[in-house]
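# Per-entry structural report
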Amino acid sequence: MIERIWSGKSWLYILLLPLSFLYGLITLVRHIGYKTGLLRSWKAPVPVVVVGNLTAGGNGKTPVVIWLVESLMKQGVHVGVVSRGYGGQSDHYPLVLDQTTTTAVAGDEPVLIYHRTHAPVAVAPKRSDAIKALLDNFQLDIIVTDDGLQHYALQRDYEIVVIDGQRRFGNGWWLPAGPMRERAGRLKTVNALIVNGGVPNANETLMSLEGDMAVNLISGEKCSVTELNNVVAMAGIGHPPRFFSSLESKGLTLVNTHAFSDHQAYSQQQLVSLAEKNQNLLMTEKDAVKCHSFAQDNWWYLPVEAQFDKIGEKRILSEIKSLI
């Protein structure tokens, strides 16, 4: 239902407009407060790059963070990553991740980023606390923050906004009548726009998420995803239909699909019932980081990589590298 409302296919958004105006007013007042100095913000001693979005729901932000961190590290840049750690519950903050940190403590996205990039990662409700913890423990040249475009308590040197190329901005209204955290006019003030799929506008860099090799959660075996038979797909991400559609575009005929809420916590009993023994349960990598401890031998995940048009990719990396 919420997808229909946000996409403009339902008139029920009208009932939510009073709450949207209140949300927009609060957002505007906070933004003005930080811009004028009435509210205090913190400036890190190293450059900070924010990767965020204007809308609620999955836009492909985390793959962009992974791409950016890995690309900078290949150029010899020492990168740290900070996050709010949404979905995790630690008994202390800031929390610097290590190999034993679970998604229940730190959240799924920080754990995924940590294991994929091997970069230092810290989480805290106040991102400035997470940055301070990283700088106390590592020699870093730059900080990348996963989300936090609207976290104006942290000053930033470069802003990247990721846009869903299919859904874009829906009906254009603030939450909860629409998907917007801020109005689209905010795009005029950011440094780079990345559009995930669809047709990019003139000032946008086109991105696609590519991945063809499935990985078994138990054995680590890899095989072409098209070699899997009797596939049941599941996804607990911001927009599960994107994952299912991507599998079908590769030629898979899905036996069934199961969509869960973003940052969903899973149990073995909950997922075992989704696929029979003669079927393969295929999930996203973001789901897989929460399931390794109770995985079954017929469970697989599909890692994806962010791919960009070369001109836009080169420009973004060059601009960020110049900050150091």
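Since the model is a prediction, treat every value here as computed from it, not as a measurement.

### Section: the UniProt feature "transmembrane region" (unreviewed entry) in the protein
UniProt feature "transmembrane region" (unreviewed entry): in the numbering of this structure it lies at residues 12-33. As annotated, residues 12-33 comprises 95% helix and 0% strand, and the C-alpha atoms at either end are separated by 32 Å.

### Quick word on the pairing of strand β11 (residues 231-235)
Across the five residues of β11, five count as buried, placing the element largely inside the fold. Taken together, the five bridges between β11 and strand β12 (residues 254-259) define a ladder with parallel strand orientation. Residue Val232 lies in a different strand from β12, and its bridge partner there is Asn256. Once you follow β11 into helix α7 (residues 240-249) and on to β12, the crossover reads as right-handed.

### Let's talk about the packing of helix α3 (residues 61-74) against helix α5 (residues 108-117)
At a minimum axis distance of 10 Å, the contact between α3 and α5 shows a crossing angle of 30°. It follows from the interaxial angle that α3 and α5 lie roughly parallel. Where α3 crosses over α5, the two elements pack in a sense that is right-handed. The residues of α5 that touch α3, namely those facing Lys61, Thr62, Val65, Ile66, Val69, Glu70 and Met73, are Glu109, Leu112, Ile113, Arg116 and Thr117. Split by residue class, the contact of α3 with α5 holds six nonpolar, two polar and four charged.

### Here's the deal with the side chain of Lys290
Here Lys290 shows up in the loop between α9 (285-288) and β14 (299-302). Those residues in contact with Lys290 that sit more than four places away from it in its chain are Thr103, Asp108, His263, Gln264 and Tyr266.

### What to know about helix α6 (residues 127-137)
Among all positions in α6, only Arg127, Ser128, Ala130, Ile131, Ala133 and Leu134 are buried. Tucked into the core, α6 has its buried residues touching β1 (48-52), β2 (79-83), β3 (95-96), β4 (121-123) and β5 (142-146).

### Remarks on a nonpolar patch on the surface
Together, Trp11, Ile14 and Leu15 make up a nonpolar patch on the protein surface, roughly 380 Å² of accessible area in all. Within the element layout of this structure, Leu15 appears in helix α2 (residues 13-36).

### What to know about the state of the cysteines
Summed over the entire model, instances satisfying the criterion amount to zero disulfides. The structure places no disulfide on Cys223, whose sulfur is separated from the nearest cysteine sulfur, that of Cys291, by 18 Å. By relative accessible area, which is 0% here, Cys291 ends up buried.

Conventions adopted
Throughout this description, residue numbers start from 1 for each chain and increase along the sequence as written. Note on the predicted model: pLDDT of at least 70 is required for a residue's local features to be given, and 80 or more for side-chain atom pairs to be given and counted; whole-chain, interface and lining totals, by contrast, use all residues. Side-chain measures here rest on the full set of heavy atoms in the structure, leaving out hydrogens and waters. UniProt positions are given in the numbering used here, feature names are shortened, and annotations may be inferred rather than shown by experiment. Strands here mean DSSP runs of E at least two residues long; helices mean DSSP runs of H or I at least four residues long; both are numbered from the N terminus. Categorising residues by exposure relies on relative accessible area from a 1.4 Å probe, with only protein chains included: less than 20% of the type maximum marks a residue as buried, more than 50% marks it as exposed, and the intermediate range marks it as partly exposed. The pairing criterion for strands is at least two bridges between them, as found by DSSP. If the strands point away from the viewer and the path from the first strand over the helix to the second runs clockwise, then the crossover is right-handed. Note on geometry: axes are C-alpha line fits, over the in-contact stretch for helices, and angles between N-to-C directions span 0 to 180 degrees. Reported orientations rely on four angle classes, namely roughly parallel under 35 degrees, roughly antiparallel over 145, roughly perpendicular from 65 to 115, and oblique for the rest. Crossing chirality is assigned from the near helix's rotation relative to the far helix, an anticlockwise turn below a right angle marking it left-handed and a clockwise turn marking it right-handed. Two residues qualify as a contact provided that any one of their heavy atoms is within 4.5 Å of a heavy atom in the partner residue. Any residue that is not Ala, Val, Leu, Ile, Met, Phe, Trp, Tyr, Cys, Pro, Asp, Glu, Lys or Arg is counted as polar, Gly included; the first ten are nonpolar and the last four charged. Exposure above 30% relative accessible area and the lack of any salt bridge qualify a residue for a patch; like charges then connect within 9 Å, and the nonpolar side chains Val, Leu, Ile, Met, Phe, Trp and Tyr within 5 Å. Per-residue and other accessible areas were derived by the Shrake-Rupley procedure at a 1.4 Å probe size, with only the shown protein chains allowed to occlude residues. Each reported salt bridge corresponds to a side-chain nitrogen of Lys or Arg within 4 Å of a carboxyl oxygen of Asp or Glu. Here, the term disulfide refers to a pair of cysteine sulfur atoms separated by no more than 2.5 Å.

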